[in-house]
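The residues making up each chain are set out below.
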Amino acid sequence: MSEPRPTRVNGLEAHDVDDGIIVYQLVTNRVHYLNPSAAVVFELCTGEHTPSEIAVLVGEAWELPEPPHEEVAHVLAQLRDEGVISDVPSHAR
Amino acid sequence: MTDEFEKNVGSDRRTFIKRLVITSAFAAPVVSSFTMTGVRAVLSQGSITALANSNATPPPGPPNYPEQLICGQVRDPKVPLTLDVDDGPIHIKVVVPADALPGEGRVGAGTIVCIYKGDLEALAAEVPSGETPISAYAVVWHANNNSKPDALSPITMTVTNDVTESGDPIYVFDKDTGDTVPAGTAGATMWEVSFVEDPAYVVTRVGPAPPPEPTPPGPAPVRVEPDFTG
């Protein structure tokens, strides 16, 4: 089975700050601070990329020797748990 | 940064994302999440970034004080911090004097101070027999290293509540034993306490509790007079 592709949910208010992004989620009355790498992950949650592809792109952004698959999977799970992103099935693209 | 990465970021976002990447060394992605209520005061000071960077989160409430009403942050310790919040018809005001608690330092955000509301039903089992809880609030704080420093000068909490009558006993929970310890008596329609350790208070009525006051509709208005100086 192919990997789902995370995408940001509707109803978020994202604000750029010097060292990341602050996301207001009015529906849940929650606010999330994303550090720079989490902000990049968040930006890449467009429904176009799988988690593995996001990890590769994050690795390329910082020119890391290996893609940070585990770290990206962890933060995606966190954003998913908070209802900030949802998964688009691959066939729905 | 590679061209491949840039291609995958929306053109309108490229400048910002590029700056984020260039100006920071790679660190594992971190998301710090808060309730709006919990950070309302912090947000008003524009300091959520510092709060999140320090891994500081609002301190949890003590047992039987589940509802966080408001939090604030001591940034400049030379400036008093005042937390004002309405809980229905009840008004709670906490004043942290200047130099009472640590402010923002090189290692992170300053002390976070929160007011929690007690669960009167749950507290009924904790107060002396024959008395009924009628008002209960706790003030909790922690510094940026999660320590709980004693205040260097007394912090005051004033609760204006039409339900309290002159002479209603006030108790504070002993941190070691969890027992209630007498802490004075309420005045008519208000009670006030001062403390240097973060305490949980409950006011009781000897005998059955009075009927609850009606709660006005809509969200509780919050007023904050933070110590923000920047």
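A. Quick look at the interface of chain A and chain B. Of the residues lining the interface, 31 residues belong to chain A; the matching set on chain B comes to 27 residues. Contributions of two or more residues to the side of chain A that touches chain B are made by β2 (12-17), β3 (20-25), β4 (30-34), α1 (36-43), α2 (51-61) and α3 (69-81) of chain A. Looking at chain direction, β4 of chain A and strand β1 (residues 31-35) of chain B are connected through five bridges and run antiparallel. From the neighbouring strand, Val31 of chain A faces β1 of chain B, where its bridge partner is Phe34 of chain B.

B. Just the sheet that holds strand β8 (residues 169-173) of chain B, in detail. Residue and element names in this part refer to chain B. With antiparallel pairing, the six strands of this open sheet are ordered in space as β2-β5-β6-β11-β8-β9. Of all the strands in the sheet, just β2 (67-73) and β9 (180-185) have a single pairing partner and so form its edges. Each strand axis lies, on average, 25° off the axis of its neighbour in the sheet, ignoring direction. In this sheet, strand β11 (residues 200-206) lies alongside β8 in antiparallel orientation, the contact comprising three bridges.

C. Local environment of the packing of α1 of chain A against α2 of chain A. All names here are of chain A. Interaxial distance between α1 and α2 falls to 10 Å at its minimum, and their mutual angle equals 130°. Classified by the angle between their axes, α1 and α2 sit oblique to one another. The crossing of α1 and α2 is right-handed. Of the residues in α2, those in contact with Ser37, Val40 and Val41 of α1 are Ile54, Val58 and Ala61.

D. Quick peek at the packing of α1 of chain A against α3 of chain A. Residue and element names in this part refer to chain A. Put simply, α1 and α3 touch, their axes get as near as 11 Å, and they point 70° apart. The angle between α1 and α3 falls in the class roughly perpendicular. Here Ala38, Val41 and Phe42 of α1 come into contact with α3, specifically with Val72, Val75, Leu76 and Leu79.

E. Layout of the environment of Leu44 of chain A. Along the chain, the position of Leu44 of chain A falls in the loop between α1 and α2. With 36 residues separating them in the primary sequence, Leu44 of chain A and Arg8 of chain A have C-alpha atoms 9.1 Å apart. Look past the residues within four positions of Leu44 of chain A in its chain and what remains in contact with it is His49, Ile54 and Leu57 of chain A together with Asn8 of chain B.

F. Region of interest: unusual backbone geometry. All names here are of chain B. Unusually for a residue other than glycine, Asn64 sits at a positive phi of about 70°. Within the element layout of this structure, Asn64 appears in the loop between α4 (48-53) and β2. Despite not being glycine, Thr189 has its phi angle at roughly 65°, a positive value. Within the secondary structure layout, Thr189 lies in the loop between β9 and β10 (190-195). We classify Thr189 as partly exposed; it has 13 C-beta atoms within 10 Å.

G. Quick peek at the confidence of the model for chain B. Residues and elements named next belong to chain B. When the pLDDT values of chain B are averaged, the result is 79; 76% of them are 70 or greater. For chain B, per-element mean pLDDT is lowest for α4, which scores 45, and highest for strand β7 (residues 155-160), which scores 94. Confidence drops under a pLDDT of 50 for residues 218-230, and excluding neighbours within four residues, the segment shows 30 contacts in the predicted structure. Scoring the predicted complex yields pTM 0.54 and, for the interface, ipTM 0.88.

H. Representation of the nonpolar core in the model. Residues and elements named next belong to chain B. Counting 42 residues, the largest nonpolar core has Ile92, Val94, Val113, Ile115, Tyr137 and Tyr201 as the members making the most contacts within it. No other element matches the seven residues that strand β6 (residues 131-142) contributes to this core. In this structure, Ile115 is in contact with Leu69, Ile70, Leu83, Val85, Ile92, Val94, Tyr137 and Val139, ignoring residues within four places of it in sequence.

Calculation rules
Here the residue numbering is sequential within each chain, running from 1 through the sequence in written order. Just so you know, chain letters begin at A and ligand numbers begin at 1, following the order they were written in. For this predicted model, a pLDDT threshold of at least 70 governs which residues receive local features, and a threshold of 80 or more governs which side-chain atom pairs are given and counted, while totals over whole chains, interfaces and linings are taken from all residues. By the criterion used throughout, residues are in contact when their C-beta atoms, derived from the backbone, lie within 7 Å. Helix and strand labels come from DSSP, where a helix needs a run of H or I of at least four residues and a strand needs a run of E of at least two; each type is numbered from the N terminus. Pairing between strands is defined by DSSP: at least two bridges between the two strands are required. Axis lines are fitted through C-alpha atoms, for helices just across the contact stretch, and the angle between N-to-C directions can take any value from 0 to 180 degrees. Angle categories: roughly parallel below 35 degrees, roughly antiparallel above 145, roughly perpendicular from 65 to 115, and oblique for all the rest. Each crossing is labelled by how the near helix is turned from the far one, with a counterclockwise turn of less than a right angle marking it left-handed and a clockwise turn marking it right-handed. With C-beta atoms placed from the backbone, a residue is buried if 20 or more other C-beta atoms are within 10 Å of its own, exposed if 12 or fewer are, and partly exposed between those counts. pLDDT is a per-residue confidence score from the predictor, ranging from 0 to 100. Under the definition applied here, buried Ala, Val, Leu, Ile, Met, Phe, Trp, Tyr and Cys residues are grouped into a nonpolar core through C-beta atoms within 7 Å.

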